[in-house]
Amino acid sequence: MSAFDFDLFVIGAGSGGVRASRLAAASGARVAIAEEGRVGGTCVLRGCVPKKLLVIGSHFAEDFIDAQAYGWTEAGASFDWPSLIAAKNRELDRLHGVYLRLLADAGVTLLQGRAKLAGPQRVSVAGRVYSAERIVVATGGWPFLPDIPGIGHAFTSNEALDLATLPKRLAIVGGGYIAVEFAGLFAALGVAVTLILRGATPLRGFDEDIRSTLAEEMAKKHIVIANRTRVVSIARRDDGQLRLQLTDVAGAPENALDVDAVLYATGRRPNTRGLGLEEVGVGLDGDGAIVVDAFSQSTVPGIYALGDVTNRMNLTPVAIAEARCLIDGLFHGQPRAMDYRLVPSAVFSQPPAATVGLSEAEAREVWGQVDVYVSKFRSLRHTLTGRDEKVMMKLVVKRDDQRVLGCHMVGADAPEIVQGLAVALTAGATKADFDGTIGIHPTVAEEWVTLRDKRPEPSL
Ligand code: NDP
């Protein structure tokens, strides 16, 4: 009989923590998981799932208009934001119940309360101290807001998912996943959105063709993109509106912007404060993330961390995969390092974007010579609607052995399509494999297997 209360103690019941606890329990380990809020974590409660439901809900606005091109008459459709929020919340309640059941069925002990390390193998929760042979920290992250005058007037994606009413004019600050996704969904619902970012185009780090195409498409949907712009301060005017003082990135003053609300989506920071980590010697980096090795072990043997709290690649399926690698090592004698090379990801903008593998710039840096195929076209759907929305598809191919290094897409269903392409890239597909694949006609996706014309080399 072990001298410890538990074989594994997981702190944080989000996607990564829940998966780690269930996998460990399935191998016969005695497992506890501590959670101070509701079980489910960012993805289920404050991120991916509720956001996607709102994105789906908002897209009907355009669908109703487009339907008229297909013989439907306007049905006098109207939209009620509180109904959408209530429906979304009902689904979150259901998912919360599913998570509770999954933990219970797996035999994991759920401890409600804020957990804190009380030693290298001790955790306190709600006034009780538990001993554990191993500890996994999976406490996720939280929105980061820069410290500027009036920042208290801003809200984050957490609150954006539960606004009581829709603002008429909304400023969104940031140019990452969250900023772009919320810009799309609020604009679709008729909110006048200004996206304020310090870069030239949104989504730094993504392939340039994704960035430029998305910026064009967002502009067509009446999102005003204030690029190379910073917010200096936010103040509440007498009439209740918010006034944002703007500068360009070099610091030259620009116009003020008056809005009803301002959403900050300026990144997230790991949740590591007040957990007792430093006290037991767990190393943190400059952003407060737990430093781990390739096997998710922290600087203290027996204490592990995974998911957003490690700030490696902050995506739910990655946290889940990190959990599987860790538990395979700890309880099945098969230590595995997570492979981050071909992780696909999607941005649920309108239209959405999705990507797997290297951007053209990354591919050139790593491999030198690459072949690039790009296609930009109007989908069959919009031949009748006349909507000026373009699909962009781009293939980056290693020149010497013709291996496909990256696929990048902007357009309806891009996330669904690129998920399939990720299998091909994981299997090491070459351009010839793409060319030898028969298309499904008529689809947008068939373009992936008929790309013939290389883009001319950029002039140096
Ligand atoms: P990101 O890191 O994606 O983007 C942050 C944005 O904020 C960048 O545009 C950045 O600009 C800008 N920024 C940072 N600091 C400041 C500042 N002080 N002033 C002005 N702008 C600033 O963060 P998000 O908040 O969008 O999302 C957090 C994470 O959540 C993502 O990294 C992603 O991993 C995950 N996520 C994934 C989703 C998905 O898979 N669909 C959806 C939503 C979130 P710059 O580029 O110039 O640095």
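Residues numbered from 1 in each chain as written. Predicted model: local features only at pLDDT ≥ 70, side-chain atom pairs only at ≥ 80, totals over all residues. Heavy atoms only, no water.

(A) Focus on the site of the ligand. Taken together, 18 residues surround the ligand, and among them Gly175, Ile178, Arg204, Asn314 and Ala346 come closest. Gly175 is positioned with one of its backbone polar atoms (N or O) 2.8 Å from an oxygen atom of the ligand. Contact between the ligand and Ile178: an oxygen atom at 2.8 Å from a main-chain N or O atom of the residue. Protein chains bury 75% of the 910 Å² of accessible surface belonging to the ligand in isolation. With three residues, helix α6 (residues 177-188) is the largest single contributor of residues to the shell around the ligand. (Near = heavy atom within 4 Å. Polar contact = N/O pair within 3.5 Å; in protein donor to acceptor, adjacent residues only side chain to side chain. Areas by Shrake-Rupley, 256 points an atom, 1.4 Å probe, with all protein chains shown as cover. Helix = DSSP H or I, 4+ residues; strand = E, 2+ residues; numbered from the N terminus.)

(B) How the structure looks around the packing of aromatic side chains. One pass over the full model with this rule turns up seven aromatic pairs. Taking 5.6 Å as the distance between ring centres and 70° as the angle between the ring planes, the aromatic pair formed by Tyr177 and Phe206 counts as edge-to-face. Of this pair, Tyr177 sits in helix α6 while Phe206 is found in the loop between β9 (192-196) and α7 (208-220), placing the two residues 29 residues apart along the sequence. Under the relative-accessibility criterion, Phe206 is labelled buried at 12%. Through pairs of rings, three or more aromatic residues link up here, namely Phe6, Phe9 and Tyr130. Over the ring of Phe144 we find Arg269; its NZ or CZ atom is 3.9 Å from the centre of that ring. For Lys398, the ring lying beneath its charged end belongs to Trp367, and the centroid distance is 4.3 Å. (Phe/Tyr/Trp six-rings, centres within 6.5 Å; stacked < 30°, edge-to-face > 60°. Buried < 20%, exposed > 50% of the residue type's maximum accessible area, 1.4 Å probe, protein only. Lys NZ or Arg CZ within 6 Å of the ring centre and 35° of its normal.)

(C) Structural detail: the environment of Ile223. Mapping Ile223 onto the fold places it in the loop between α7 and β10 (224-226). Exposure remark for Ile223: the relative accessible area of 4% places this residue in the buried category. Distance from Ile223 to Ala192, taken between C-alpha atoms, is 7.1 Å for residues 31 residues apart in sequence. Ignoring sequence-local partners within four residues, the contact set of Ile223 consists of Ala183, Gly184, Ala187, Val193, Leu195 and Met218. (Contact = heavy atoms within 4.5 Å.)

(D) Main features of the sheet that holds strand β11 (residues 229-236). Strand order in the open sheet formed by three strands is β11-β12-β13, with antiparallel pairing between adjacent strands. Across the chains shown, the open sheet's two edge strands, defined by having one partner strand only, are β11 and β13 (253-259). Strand-to-strand, the axes of this sheet are offset by a mean angle of 25°, without reference to chain direction. (Pairing = 2+ DSSP bridges. Axes fitted to C-alpha atoms, helices over the stretch in contact; angles between N-to-C directions.)

(E) A look at the sheet that holds strand β20 (residues 390-398). Read across the open sheet, the five strands follow the order β17-β18-β21-β20-β19; overall the sheet is antiparallel. Among the strands making up the open sheet, the edge pair consists of β17 (345-347) and β19 (370-378). Looking at each pair of strands side by side, their axes are set apart by 10° on average, direction ignored. The strands that helix α11 (residues 414-426) touches are β17, β18 (353-357) and β21 (404-410); relative to β18, the one it contacts most, it runs at about 5°.

(F) Geometry of the pattern of salt bridges. For the structure shown, the criterion picks out 39 salt bridges. The partner of Asp260 in a salt bridge is Arg169, and the shortest N-O contact between them spans 3.6 Å. One end of the pair, Asp260, is in the loop between β13 and β14 (261-264); the other, Arg169, is in strand β8 (residues 169-173), and 91 residues separate them in sequence. A relative accessible area of 30% means that Asp260 is categorised as partly exposed. Where Arg403 meets Asp401, a salt bridge forms, and the shortest distance between an N and an O atom there is 4.0 Å. (Salt bridge = Lys/Arg side-chain N within 4 Å of Asp/Glu carboxyl O.)

(G) Local environment of α11. A rise of 1.5 Å per residue sets the reference length of α11, with its 13 residues, at 18 Å; its end C-alpha atoms lie 18 Å apart and thus fit the reference within 8%. Within α11 the residues assigned to the buried category are Ala414, Pro415, Ile417, Val418, Leu421, Ala422 and Leu425. Looking at the packing, one finds that the buried side of α11 touches β17, β18, β21 and α12 (431-435). Trailing α11 by a residue or two, Gly428 shows a phi angle of about 85°, which is positive. (Expected span 1.5 Å × (residues − 1).)

(H) Highlighting the packing of helix α1 (residues 15-26) against helix α8 (residues 316-332). Contact pair α1 / α8: the axes reach a minimum separation of 8 Å and the direction vectors enclose 30°. Judged by the inter-axis angle, α1 sits roughly parallel to α8. Here α1 runs over α8; the crossing is right-handed. Listed contacts from α8 to Ser15, Gly16, Arg19, Ala20, Leu23 and Ala24 of α1 are Thr316, Ala319, Ile320, Ala323, Arg324, Ile327 and Phe331. Residue classes in the contact of α1 with α8 are distributed as eight nonpolar, three polar and two charged. (Parallel < 35°, antiparallel > 145°, perpendicular 65-115°, else oblique. Left-handed = near helix turned anticlockwise from the far one by under 90°. Nonpolar A, V, L, I, M, F, W, Y, C, P; charged D, E, K, R; others polar.)

(I) Representation of the nonpolar core within the structure. Membership of the largest hydrophobic core comes to 59 residues, with the highest contact counts inside it found for Ile172, Phe186, Leu395, Cys407 and Trp448. If you tally residues by element for this core, the top one is α6, at seven residues. Not counting chain neighbours up to four residues away, the residues in contact with Cys407 comprise Ala354, Thr355, Val356, Lys394, Leu395, Leu421, Leu425, Phe434 and Trp448. (Core = buried A, V, L, I, M, F, W, Y, C linked by side-chain atoms within 4.5 Å.)

(J) Geometry of the side chain of Ser131. Note that Ser131 resides in strand β6 (residues 128-137). Of the residues examined, Ser131 reaches a relative accessible area of 12% and is grouped as buried. Within the local environment of Ser131, its side chain forms a polar contact with the backbone nitrogen of Asp5, the two atoms lying 2.9 Å apart.

(K) The arrangement of the environment of Ala412 in detail. Position of Ala412 relative to the elements: it lies in the loop between β21 and α11. By relative accessible area, which is 44% here, Ala412 ends up partly exposed. Those residues in contact with Ala412, other than ones at most four positions away along the chain, are Pro351, Pro352 and Ile417.

(L) How the structure looks around the side chain of Asp371. Position of Asp371 among the secondary structure elements: in strand β19. Here Arg399 takes part through its side chain, which lies 2.7 Å from a polar atom of the side chain of Asp371. Within the structure, the side chain of Asp371 is placed 3.1 Å from the side chain of Gln402, a separation counted as a polar contact. Discounting chain neighbours no more than four positions away, the residues touching Asp371 are Leu395, Val396, Val397, Arg399, Gln402 and Lys454.

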